[in-house]
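What follows is each chain in one-letter form.
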Amino acid sequence: MRADRLVSLVLLLRQRGRMTADQLAHELEVSARTVLRDIDALSTAGVPVYAERGRHGGYTLLSGFRTELTGLNHDEALALLTAGSDRAEKVFGLSAPLASAMRKVVDALPEGHRARLAEAAGRFLVEPANDLLSRRAVTEVLADGVMGEVRVAVISGRRLRFSYAAPGTSPSPRTVDPVGLVTVRGRTYLLATKSGHDRTYRLSRMVSAEALTDPAQRPAQVDLDRIWAERGAQFLSEDHIPVVVRVRSPRHDELLGTVRTVRAQESQPDGWVRLEVTFEDIRHAVWAVWQLDTDAEVLAPESVRHELHLRAEALRTRYQP
């Protein structure tokens, strides 16, 4: 890991010129003290890095020093630079390794191609934060350490133990055999088996996770496209409660983040969206719609409307002047 970091440090100084210890520490996701030790190690190894004192000082490389990597043509380099753009690099928690890889890609390019490729890559935008209607993209928030532990378990083929909080419930422990990770519409899912049965979990609902030392019981080869399609078909066929609901357009994505499936949706001219969705049960439906306050309304079934009425009536009574 340190060797990779030293290479990244050299490439940062080559591509950006003078940088302070704090700037390098931020880019490499380490402390400034670690950066100083790394610079000492590079100097000892003969890499011409030196410090410039003063208000605008920092660390820099001797002019003309470079590493040599070859083999990428223009389109290959452009594809990698685009894939490593702002939002794309956050997939599966690999932003730091991908940033390091991008620095190596840039350094591998002939001197005359770098500016042209940087300008070309700047004309491609991957998944901006807002769409044309100014709706924010779904931002998945994961508990600290969860992605790293899940990724280790998936790659190394070890069992995974985690605490999971389904909607409206308290966290409970699970131990599974991980199969693979899938990211779709800004959400990441773990495909796994538990006691031989297929299971799918959203990483944003994991409170904590730990890769165990026990080997996972899973096939040596995996076809995630096929498995994901099969689980999607199974998901749609399960006996969940169907609900017809309308929601104000600005909170449409918020509702979609809580439902089990979406069977139909239709935008209406009054700024609302009518949807046919499914929830796990009545309690799940009431919990999800309640979060949206008056920006959502259940149209059917009557059982869900009745439960929402009872909850609203209880609160009205409690807070009556």
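As the structure is a prediction and not an experimental result, all values here were calculated from the model. (Residues numbered from 1 in each chain as written. Predicted model: local features only at pLDDT ≥ 70, side-chain atom pairs only at ≥ 80, totals over all residues. Heavy atoms only, no water.)

J.: Looking at this structure, how should I read the sheet that holds strand E11 (residues 296-300)?
T.: Strand pairing in a sheet takes place through backbone hydrogen bonds and is either antiparallel or parallel in direction. Reading across the sheet, the 4 strands line up as E9-E10-E8-E11 and stay open at both edges, with antiparallel pairing between neighbours. Where the open sheet ends on each side, the last strands, each with one partner, are strand E9 (261-267) and E11. If you compare each strand with its neighbour and ignore which way they point, the axes differ by 25° on average. Where helix H10 (residues 282-290) meets the sheet, it contacts strand E8 (241-248), strand E10 (272-279) and E11, and its direction lies at approximately 150° from that of E10. (Pairing = 2+ DSSP bridges. Helix = DSSP H or I, 4+ residues; strand = E, 2+ residues; numbered from the N terminus. Axes fitted to C-alpha atoms, helices over the stretch in contact; angles between N-to-C directions. Contact = heavy atoms within 4.5 Å.)

J.: Just to check I follow, could you spell out the pattern of salt bridges for this structure?
T.: Between side chains of opposite charge, a pair can form when the charged atoms approach closely. Applying the stated criterion across every chain yields a total of 17 salt bridges. A salt bridge links Glu52 to Arg18, with the shortest nitrogen-to-oxygen separation between them at 2.5 Å. Pair noted here: Glu52 is in strand E1 (residues 49-52) and Arg18 is in the loop between helix H1 (2-16) and helix H2 (21-28), with a separation of 34 residues, a long-range link. The exposure class of Arg18 is partly exposed, given its relative accessible area of 42%. Two residues, Arg246 and Glu297, come together in a salt bridge whose shortest N-O distance is 2.9 Å. Remark: Glu297 occurs in strand E11 and Arg246 occurs in strand E8; sequence separation between them is 51 residues. What makes Arg246 partly exposed here is its relative accessible area of 22%. Each member of the salt-bridge network shares a partner with another, and the members are Arg246, Asp270, Glu297, Glu302 and Arg305. (Salt bridge = Lys/Arg side-chain N within 4 Å of Asp/Glu carboxyl O. Buried < 20%, exposed > 50% of the residue type's maximum accessible area, 1.4 Å probe, protein only.)

J.: So what exactly am I meant to see when it comes to the packing of aromatic side chains here?
T.: Any aromatic ring pair is given by two values, namely how distant the centres are and how the planes are angled relative to each other. By the definition in use, this model includes 4 aromatic pairs. Aromatic pair Tyr164 and Tyr201: ring centres 5.2 Å apart, planes at 75°, arrangement edge-to-face. Of this pair, Tyr164 sits in strand E3 (residues 158-164) while Tyr201 sits in strand E6 (residues 197-202), placing them 37 residues apart in sequence. Given a relative accessible area of 7%, Tyr164 falls into the buried group. Accessibility expressed as a relative area gives 3% for Tyr201, which makes it buried. For the pair Tyr189 and Trp228, a centre-to-centre distance of 5.4 Å together with 50° between the ring planes defines the contact as tilted. Here Trp228 lies in helix H8 (residues 224-237) and Tyr189 lies in strand E5 (residues 187-194), a separation of 39 residues in the sequence. Residue Tyr189 is classed as buried on the basis of its relative accessible area of 17%. A relative accessible area of 31% means that Trp228 is categorised as partly exposed. The structure contains a cluster of three or more aromatic residues connected by ring pairs, namely Phe162, Tyr164 and Tyr201. The positively charged end of Arg246 is found above the aromatic ring belonging to Trp272, 3.9 Å away from the centroid. The cationic tip of Arg311 hangs over the ring face of Trp290; the distance from NZ or CZ to the ring centre is 5.1 Å. (Phe/Tyr/Trp six-rings, centres within 6.5 Å; stacked < 30°, edge-to-face > 60°. Lys NZ or Arg CZ within 6 Å of the ring centre and 35° of its normal.)

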